[in-house]
Structure formats: C-alpha cells, structure tokens
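Below, each chain spelled out in residue letters.
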Amino acid sequence: MPDQRVSNQLPAPAAAPGSGGAPVLEAVGVTKHFPVHGKDAGRLGHRRVVHAIDDASIGIYPGKVTALVGESGSGKSTLARVLAGLYGRTAGQVLLHGQPVTATRGRAFRRHVGEVQLILQDPYGSFNPMLRVSTHLQRAVRIHDADHGSDVLRTRTGELLEQVHLLPAGQFLDKFPHELSGGQLQRVSIARALAARPSVILADEPVSNLDVSIRLGVLNLLAELTDTGVGLLYVTHDVASARYFASEIAVMYAGRIVESGPAERVITEPAHPYTRLLISSAPDPARRSRSDQVADTGQPPSLISPPAGCRFHPRCPLAMPECRTDAPPVFELGDGHWSRCWLFRADHGTPGHAAGTSPAQGAPAPSTPDDPAADSV
Amino acid sequence: MIISSDIEVAVAEPDESRPRHGWVRGLLVPKVLFGLVIVGFFILLAIFGPMLLHTDPGTVTSARLQPPSLKHLLGTTQQGQDVMAQVVDGARVSMEVGFGAGILTTLWSILVGLTGGYLSGTSSELLSMFSNVFLVIPSLPLVVILAAFLPNSGSTGIIIVITVTGWAWGARVLRAQTLSLRRRDFVEAARATGENTFKIMLYDILPNEVAIITATFLGSVVGAILTEASIAFLGLSNVTQWSWGTMLYWAQVSGAELSRAWWWFVPPGLCIALVGTGLAFINFGLDDVINPRLRAGISRRRRFARARSLVESAVSLMRPKRAATAVPAVGTATVTAEPASPDSSASRVLDIRKLRIEYGATAPVRAVNDVSLTLHRGEVLGIAGESGSGKSTLARAVTRLLRPPGMIVSGEMVYTTRSGRDLDIAALADAELRKFRWEEISIVFQSAMNALNPILTLGAQIDDVLKAHRPAMRRVQRANRVRELLELVGISPDRAGAYPHELSGGMRQRAMIAMGLALDPEIIVMDEPTTALDVVIQRQVIETIMGLRDRLGFAVIFITHDLSLLLELSDTIAIMYAGRIVELASSDQFYEHPLHPYSQGLLGSFPTLSGPKRTLTGVPGYPPDMRKLAAGCSFQPRCPHAFSRCEEAVPALLGQVEPAVAGHRPDPAPEVACFLYQANDASPEGAVAGGGRA
C-alpha cells in the first residue's frame, strides 16, 4: 500500500497544485443545462432540462496537460465546448487569463478562439470533405493572421504542417481529407488549431478514433506543444492514457467533477468510489491475473432527472444516508487532490485523511480495506 | 514517452492515381454526356436556329396543312405557317423561360433555405413559415391567376410567375439539409477556428449542398418548361408569341388531331419530352460524381466486381460445390491426411488453412493473406490488428457472412463437430449453412443497435431464432428458453418485452450475446463487441462473456483493436498486420516476450494503470495502404529492425525453436513471421520441428 502523505498547507483554490502558476483558462462553477425537446419536454412553464454540467470547476495551466476523464454522457465534451466558447453557460464563469469570457459570437468570440482552440474526436468528420487540406489551413491562417498575402499563406501552411511532422508538406497540401489516413488528418487538425497560435488547446478525445499504433505519435505531438507553453485540456474516456499524458486528472460523472488531483495520485490512490470503479474496470495488461471481480452492474443516471444528493449513490457500494439527500461539497485531501464524496468528511473518520474545508492535519489514515481498486494497484 | 520524431515523419505516397479535376471528368460520364448533348442541341437551336432558318413562324401562306416536305421540313399549319420555324422559335421561349425561371427559383430557394436553416431563432422560424405557406398554396390556380394578370409581358412575366410559385419546395429541402449539416463536426470545427457565419455558410454548407442544388435547379428548369407549356396550351399566355405550348394550343383549337396533322403537334410534344429527358440524365449522372469520395473511381470498379461476384455466387448456388475458385473441394480425406499433432486433433473445433480473401476483381485487394489458425474447444482466441488488417473480414469468412466483392480465393476452413465430423465451411450448401450458422457458430457484432431489429421486442427476436432452428419447440418451451437466456447474460427476464431503443448500450450488447447463445453454439465470433461501450459497461459485458464461457464451454474468437483487453481475456493471441498473421502465441508468452517488432510496438503503445509507469515506444509511421503494400514484409517500412532481406521476401509464420529470450516456456511454442527469428536457410521442416501449433 503506497504511503499517503498529507501536506500541511493547502494551496489556494485557483493555483496549480505544485506549479504555483495561475491557470490560463479556468471554469468556475460552470453549469450548463440543455432544454429537452419532444415528448419529454414537460409542461409549459415547467420545461425539463438535461443537466449536462453542474457546478464544474477546472483549470488549465500553461505548459501542462489537464485530463478530463469520464464516460460518454458525463458532460466532459460539453465542458470542453463551454471552455471553447461554443456553448453559452447556464451559470458560472469562464476566465481566460483571469478575465471573464462572455461572448459566444462576434468579435469578442473571435478574440477568445484566437487563444483557445478545440480539436475534435473524429478527424474525418471535422474537415469539410469538399475542401483540400491547403484550403482548410489557409482559412485558419487568414482568420488569425493580420498579414495574409499569398506568400505568407504558403510559408505559414508549410510551417504548420512541419510543426505536426507532416513532411514533405507539399505532398499533403493538395489532398482532400478522405485521401489521408486518420492519423495524418488528426495531425492536420492540430496544425489548423496551431494557426491561431493559441495559448490553450482543448483536445476532445483526440486519439479515440485512431489506430492504437499511431495514437502515441499524436499524443506525443500534443505533448510537444506543451513544451512551448501551451496549456492542454485532454478530454478522454481512457484513464490509462490520462495517467501517462497528463499532470492533473479531473474525473467527471453524470455532469459533476467528482475528483481531481495530480495524475499519479488520482490513479494510485483514487478517492471517489466512482474513480475506483473506473480504474478497476479499465483493461490493463499488467493486471491480467485479476482476482477481483467488479460487482457493479449499474448504469449512469438520467441527466433529465438526476438522483438527489450524490449522483453516484445508486451505484455506490459505500453509500451512506447523507449521500441520498445532500450533494457532497469538495473535500480537500492535500497536494491539490480533492474529492466530492461524504466519505472524506472530517467527522466521518472512516477512510481517507482529509477534513472538509480546514487544512488536514495529523497522521494519514489507511485506505478502506474494502476498496477493490486499492488492493490491485 | 517521446519517440524520436525523425521516424514518425509521414511519407506521402506519390499520387499518380488522383483525379485532379474530378468534376471535369464527371462531365464525361455517359449519362451526363448524353443529357448534355440533348440539352445543348436545344440551346444551340434556340440561339442559332432563327439565324439559319429564314422563315418567319407567323407568315401565313396558302400551303395549308402540308405534310413534311423538302420545302417545309416539318410541314405546315392550318394557316400555312412553317412548323419548323415555330419549333425553333418555341425552343428559344422554352429555354428562356426554363433556365431563367430555374436560375431565379434556385437562387431564391438557396437564400431562404440556407439562411433559414443555418440561423436559429425568430428569423429562422419566420422564413420557415414563409416557405411553408407557399408550399401549401395550390400552385396551378395561382399560376393561372397570375398569368391572367400578366398576359402581355412575354417571357419575363412567365418567369416571374413560375419563380413565385415554385421556389418553396427547393427552399424546404435545402433548409432540411442545412439543418443537418450545421450539426456536423466540420462546421463546429470551423466555428471553433473563429470563422464568421457568412463564410461558414459559403464555404462549408453551400459546397456540400451542390448535389441538392443541382437537382433543384434541373428540376425547376423542367418544371418551368412544363408550366410554360401548360399555361400556353390553356391559352392563358400571349398566344401570338410562338412557343411549344402555343403550338399545341393552336393545334388543339384547329382540330389538328382530327385532321390527322401529326406533324403539327408531335414535334413540340417531342421537344418537351426530349429536353426533360436530357435534364434528367444530367441529374442522374451528376449525382454519382458530385461527391469527391465517389470521384476516386473506386465505386465503378466495385460495382463491376460486385456484378461479377454475383454471377459467380449464382453459379455456385446452382452447383452444390464451390465453382468459383480454383481450390479443390475439401473432403474428409484431405483433412485427415493432414499431419495433426496429437494434442490438437481431439479438441480441435476450427482449423483454418492458408485462407486468402480478396476484395474486387479487377485490382483485387488481398484483405486476408495465407492465414492459418487452429481453434480448440473452449479456447478464447484473440485477434488484434489495426483497422484494415483483415480481422473483421476473417470473422465474416468464418461465419460465411462475407459479401461480394469480398471473395475467398483459396484456402480452407474446416469445422469439426462435437461428434468428430469434419465440415468444410466454404463448401456448405445453403440448407447446411443455415443449420451450421447459429447452431455451431454464431456472431456478435460491434453495433448492437444496428444488429437488433428496432421494431421487434428482445424476446420476439430471440424467439425468432428458436422458431427458425427448433421448429419442434413449443411456444411455452421457447418462452422459457428466452427467459433463461436473458437471465444468463444478466438481463432481468421481465425485460423480454422491451424494444432495443429502451435498453442501454450495454444491455443491447448483452441481448446480442443472449441471441448468439440461443442454440448452444460451439464457437462465438465476437467482432469488437465492446468497442462502443464505456469501460465500466465493457467490464460488465466481458465478465458476463467469460463467466458464460467457463460454464458453457464454447470457444470464442474475439476480435478487437484493444490489445490490453485481449491480453486479459484470451488464451491465445493472433496479431494481424496487412492481412497476415504476424504472431501467434499464448497470451502470457505474448505479454512477457512479444517477438514480432510490430507486436513489441503495439505492446509498447499501451499505457498501463498499475505498477510503475513504463516508457511507451509506439509504432512509427502510419498503417499501410492495402492497395499499395510494400514489397517483402508489409511491416518493413515501419520496422525499426528492417534489413535488406525484409524487402526481398515475405517471412512465413514459423514456430520458434529457440525464442530470442530465455526462460521456461510452456507449449505450444509461439509462432512469428519475421526474418529476425529465421536463419537464412530456414526451411519449412525446421519450422515444423519447432513445434508449430498446426
């Protein structure tokens, strides 16, 4: 069992744990509801909504990778789009360099996307099939470069393809999207994002649609970008790749961020029962002779009428009475690691080591013995 | 986890085959060409006809109702006017009205449809309401009324009338298309790049609607020509202006059909029909070529191949034995003659020998190449490979679900029944095949939503399988079996009345497994059964499968690109690359000591969750283009260990006498297709001595 150390001072909530820097892009208490259409819409005046995101806060730091991990439908892609400025918000704030971002259109929106670029999951879907690679890149350069003479366009598009290791660039410029492989095309979409010289890249499942053998190359390319100071949000359902690729991991379940902290810590000492379930469910060749069976047979809840209290409580093996009624607040676990789980309430005393809002002190308590994930790691 | 960037530089293939101006070539498609010739003829006739023909269509002569002659090529009317001159003049009016109204209608529908579809909110609603109102106004009476108000304004009046009454349908179709396009990823990507709304509409939406716009345009041209002819025929337009419609009007009022003056009314009617046909041909032809994906020319080749294989499969249906291939039909004698190793013969359930599958006939792509595999009873065989490596094709061949243009070119697949009888899967006749499939071997596909029938309940679908294969079973017995099966895969039996859309993805996949198990098959082929599922649900489904395997003892062929999943659940792992098996080993051997450089790269691509982080190496380069495989070993262009021999010959899949790594090995020995493990003089005998699994 790895030793769980508790730091004596808590970092300020907005600061990067361990880095001390301020986040370049930040969501603070963001809530996003979508109206429900069709027969489930409810009566007029009582319109029902999909609670896609509720009270989510996440920071992206310069030169660092933050992973946002969750199942499909957990709201992770919606959060990325809210950060990209494509969706408005029901509540909460998005801060870019500490300044609130408001517009989802017009000139202010353009300024925002000049700094924050989004990369989508399906490389074939994210390119207009009728336009060549050169057209796509030139278009992005035209939008973000004040000076765009034809010479500038040519050298800039060449540079962009070089930056994503597509060489010789001339061979790729004249191609239509369907003439490239998925991996090559995803590199082009990174090149397109780089045309804006962004300070943040939001990558929504950037490698999920790619073959295994080329995923690593694309991830490495994204990691290279952070060397130049770009902050990266890596949205994924693959918790193992988040471990290798990110310095911070935030875990999302049913529209809420349930746990967040330094990547290695979240993987090796997962605090929230959902995180434990997620990690123990993921296939891992290093753990082939698994003896533990995952008992869970539940499903994620409906986001139109989410369960009261903690949204994971219907599936949680450790659920307590308060989990059914009250949504858990953030409980700090030290070193920037926190979890929204009543297990970590100060007076609860069972597992973990943290106190509610006051800095945690004293000796670390061992993890719960009935924690299946902790046993296998 | 950084790999040196010089090896992952992409090498773009020389593109000798790429059509530079696909749309120009599109015009050369026979259908389009034919249509263009006809329409072009009438356009030229409209422009140059009056100059060449010096007869005035209105001049009254004494040569009344003359049949066609050299002087009057198409005869004369009752007033002695030249029909030819009238047809030529009519062509001008028809073309003017047709193309004029076509262009105006299309422009107006684009404007309303595109803006109405892309913008949201009140303006969109208003535009939609506006076009819907016009859609429900009966257009013919409106045309008649409007035409009555503008009788003497010539073609312009008619063009305006037709445009006003005809734009709504096109606008509606374009609006629907725009609504679906604006949700596409590339529109979102363009927005995220910061592109403004007008340019997104112009560059992203509009080009993708070219097919519909063309169809709308050609349709409205035909419609306008017909409407003009109808108005004129009814005498509602200026009947002293010559058009095909007014010709018909005068022929009708003068009783041309009574006087059998066919030359008076046939030519204008024929002209209208011909122009319509020509435009329709252009429309059909352009449909095929307007999409750049269809431009590559593959589609035509494929269609040809499909036709050919259809003929071949028809031939093979008529004769019970396979007629299409050069392979001798496999009898029991051939199979027993095979030198089977003692341990495998008893429990062997499926034996694939040198299987080769190609797609297409003219330039065949070899999707599965020389694949040999043995599956034992109760074994879980995992097949991993990237997309296009041939793993799904193999699964379909084994279940005989391979459809043309895919064809088994050579090789054999021998299934051994529980009683020890050998069946050649490829040679099964239809009746045998129906029995074989699902009773002996069943398949579970990736997308359960597509594989389940959306309008039947789960219970009914499982019941169908039982009804078809177990006609003797009574209704109650079947109902019990359905409940039993659902319980088996962890679905509450009272969900038997649920429709597929009422179930979650994981439940649907379980239902598919229940259907696969319905007849107690010996083998279940699972083609990416959990790829669409979330990890937690995937874990539930996998545990269900493995639990059932332990209880029921069926063999599983599990196909996925997720090697880490495969390592957990397989007994044996086969790695496919570019249609060949490059490594075949037990799961443990494979994980501990992968032999093939591709396998090593794959294993080095997977991040792990437990234990210390290791260095990820990855595989350099990009997956191969199956149409242009490298010479020698297909992996050689991406291989860090490639040497000259790899370009010269294709390494065979051979058993390892002495694996490169030391350590105790349980039998059977791993097999690998790589020259790194083969001495220059390696002979097949040496390989067999090495203890190949065959």
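Refer to the structure printed above.
Structural notes on the overall build of chain B
A tally of helices and strands in chain B yields 27 helices and 12 strands. For chain B, buried positions account for 50% of its 694 residues. Counting contacts in chain B only where the partners sit at least 6 residues apart, residues at least 24 apart contribute 68% of the total. Total accessible area computed for chain B in this model is approximately 31,900 Å², and 61% of it derives from carbon and sulfur atoms.

Here we look at the sheet that holds strand 9 (residues 572–577) of chain B
All names here are of chain B. Reading across from one edge, 6-7-8-3-9-10-12-11 is the order of the 8 strands in this open sheet, with mixed pairing throughout. Looking along the sheet, the strands with just one partner apiece sit at the ends: strand 6 (441–444) and strand 11 (654–655). Bridging between strand 3 (residues 380–384) and strand 8 (residues 555–560) involves 5 bridges; their strand directions are parallel. The partner of Gly382 across the bridge, within strand 8, is Phe558. Here helix 21 (residues 505–517) sits on the sheet and contacts strand 6 and strand 7 (523–527); the angle it forms with strand 6, its principal contact strand, is near 170°. Relative to strand 8, helix 22 (residues 535–552) is tilted by about 155°, and along the sheet it contacts strand 3, strand 7 and strand 8.

Notes on the sheet that holds strand 4 (residues 406–416) of chain B
Pairing between sheet strands relies on hydrogen bonds along the backbone, with the strands arranged either parallel or antiparallel. Residues and elements named next belong to chain B. As summarised here, the arrangement of the 4 strands in space is 2-1-4-5, forming an open sheet in which the pairing is antiparallel. Only two strands of the sheet have a single partner each, and these edge strands are strand 2 (365–376) and strand 5 (422–424). Mean inter-strand twist for the sheet, computed between neighbouring axes without regard to direction, equals 5°. Pairing geometry for strand 1 (residues 348–359) and strand 2, over 8 bridges, is antiparallel. Pairing of Ile352 across the sheet is with Leu373, part of strand 2. Those strands touched by helix 16 (residues 391–398) are strand 1, strand 2 and strand 4, and its axis lies near 120° from that of strand 1.

Some details on the nonpolar core
In this structure, Leu350(B), Leu373(B), Ile523(B) and Leu563(B) are the most contacted members of the largest nonpolar core, which totals 99 residues. The element contributing the most residues to this core is helix 21 of chain B, with 7 residues. Dropping the residues within four chain positions of it, Ile523(B) is found in contact with Val349(B), Leu350(B), Leu375(B), Tyr415(B), Glu440(B), Ile441(B), Ser442(B), Ala555(B) and Ile557(B). Counting residues in each nonpolar core, the second largest holds 75 residues, with Phe172(A), Ala193(A), Tyr234(A) and Leu609(B) among its members.

Concerning a nonpolar patch on the surface
Residue and element names in this part refer to chain B. Taken together, the side chains of Leu126, Met129, Val133, Leu135, Val136, Ile137 and Trp169 present a nonpolar region at the surface, about 700 Å² in accessible area. Here the nonpolar patch gets 5 residues from one element, more than from any other, and that element is helix 4 (residues 122–136). Examined against the element boundaries, Ile137 turns out to sit in the loop between helix 4 and helix 5 (139–149). The class of Ile137 is partly exposed, set by a relative accessible area of 31%.

Re the pattern of salt bridges
All names here are of chain A. Counted under the stated rule, the structure contains 34 salt bridges over all chains. In this structure, Arg340 and Asp55 form a salt bridge, with 3.4 Å as the shortest nitrogen-oxygen distance. Within this pair, whereas Arg340 is found in the loop between strand 12 (337–339) and helix 12 (372–376), its partner Asp55 is found in strand 2 (residues 49–60), the two being separated by 285 residues in sequence. With a relative accessible area of 38%, Asp55 lands in the partly exposed category.

A few points about the pairing of strand 11 (residues 331–334) of chain A
All names here are of chain A. Where strand 11 lies against strand 12, 3 bridges are found, and the strand directions are antiparallel. Pairing of Phe331 across the sheet is with Ser339, part of strand 12. Counting the residues between successive antiparallel strands, the hairpin from strand 11 to strand 12 contains 2 residues, one of them, Asp335, with a positive phi of roughly 55°.

Section: helix 22 of chain B
Taking 1.5 Å per residue as the helical rise, helix 22 of chain B with its 18 residues ought to reach 26 Å, and the 25 Å between its terminal C-alpha atoms agrees with that figure. The buried count for helix 22 of chain B comes to 14 of 18 residues, which makes it a mostly enclosed element.

Let's talk about the side chain of Arg539(B)
Counting through the fold element by element, Arg539(B) comes out in helix 22. Taking the relative accessible area as the measure of exposure, Arg539(B) reaches 3% and is therefore buried. Among the polar contacts made by the side chain of Arg539(B), one reaches the main-chain carbonyl oxygen of Ser281(A) at a distance of 2.9 Å. There is a polar contact of 3.0 Å between the side chain of Arg539(B) and the side chain of Glu568(B).

Considerations on the packing of aromatic side chains
Counted by the stated rule, this structure contains 20 aromatic pairs over all chains. On the numbers, 5.5 Å between centres and 85° between planes, the contact of Phe34(A) with Tyr87(A) is edge-to-face. Within this pair, whereas Phe34(A) is found in strand 1 (residues 25–35), its partner Tyr87(A) is found in the loop between helix 1 (76–84) and strand 4 (91–96), the two being separated by 53 residues in sequence. According to the relative accessible area criterion, Phe34(A) is partly exposed, its value standing at 27%. Grouped by ring-pair contacts, the aromatic residues Trp108(B), Phe130(B), Phe134(B) and Trp167(B) constitute a single cluster. Across the ring face of Phe127(A), the terminal group of Arg192(A) is positioned such that the distance to the ring centre comes to 4.2 Å.

Digging into the packing of helix 2 (residues 30–52) of chain B against helix 3 (residues 83–118) of chain B
Residue and element names in this part refer to chain B. The N-to-C vectors of helix 2 and helix 3 enclose an angle of 120°; their axes lie 8 Å apart at closest approach. Overall, the two elements helix 2 and helix 3 adopt an arrangement that is oblique. At the point where helix 2 passes helix 3, the crossing takes the left-handed sense. Residues Val39, Phe42, Ile43, Leu45, Ala46, Gly49 and Pro50 of helix 2 form the contact with helix 3, whose own contacting residues are Val88, Ala91, Arg92, Met95 and Phe99. Split by residue class, the contact of helix 2 with helix 3 holds 10 nonpolar, 1 polar and 1 charged.

Calculation criteria
Residues numbered from 1 in each chain as written. Chains lettered and ligands numbered in written order. Predicted model: local features only at pLDDT ≥ 70, side-chain atom pairs only at ≥ 80, totals over all residues. Heavy atoms only, no water. Helix = DSSP H or I, 4+ residues; strand = E, 2+ residues; numbered from the N terminus. Buried < 20%, exposed > 50% of the residue type's maximum accessible area, 1.4 Å probe, protein only. Contact = heavy atoms within 4.5 Å. Areas by Shrake-Rupley, 256 points an atom, 1.4 Å probe, with all protein chains shown as cover. Pairing = 2+ DSSP bridges. Axes fitted to C-alpha atoms, helices over the stretch in contact; angles between N-to-C directions. Core = buried A, V, L, I, M, F, W, Y, C linked by side-chain atoms within 4.5 Å. Patch = residues over 30% accessible without salt bridge, like charges linked within 9 Å, V, L, I, M, F, W, Y side chains within 5 Å. Salt bridge = Lys/Arg side-chain N within 4 Å of Asp/Glu carboxyl O. Expected span 1.5 Å × (residues − 1). Polar contact = N/O pair within 3.5 Å; in protein donor to acceptor, adjacent residues only side chain to side chain. Phe/Tyr/Trp six-rings, centres within 6.5 Å; stacked < 30°, edge-to-face > 60°. Lys NZ or Arg CZ within 6 Å of the ring centre and 35° of its normal. Parallel < 35°, antiparallel > 145°, perpendicular 65-115°, else oblique. Left-handed = near helix turned anticlockwise from the far one by under 90°. Nonpolar A, V, L, I, M, F, W, Y, C, P; charged D, E, K, R; others polar.

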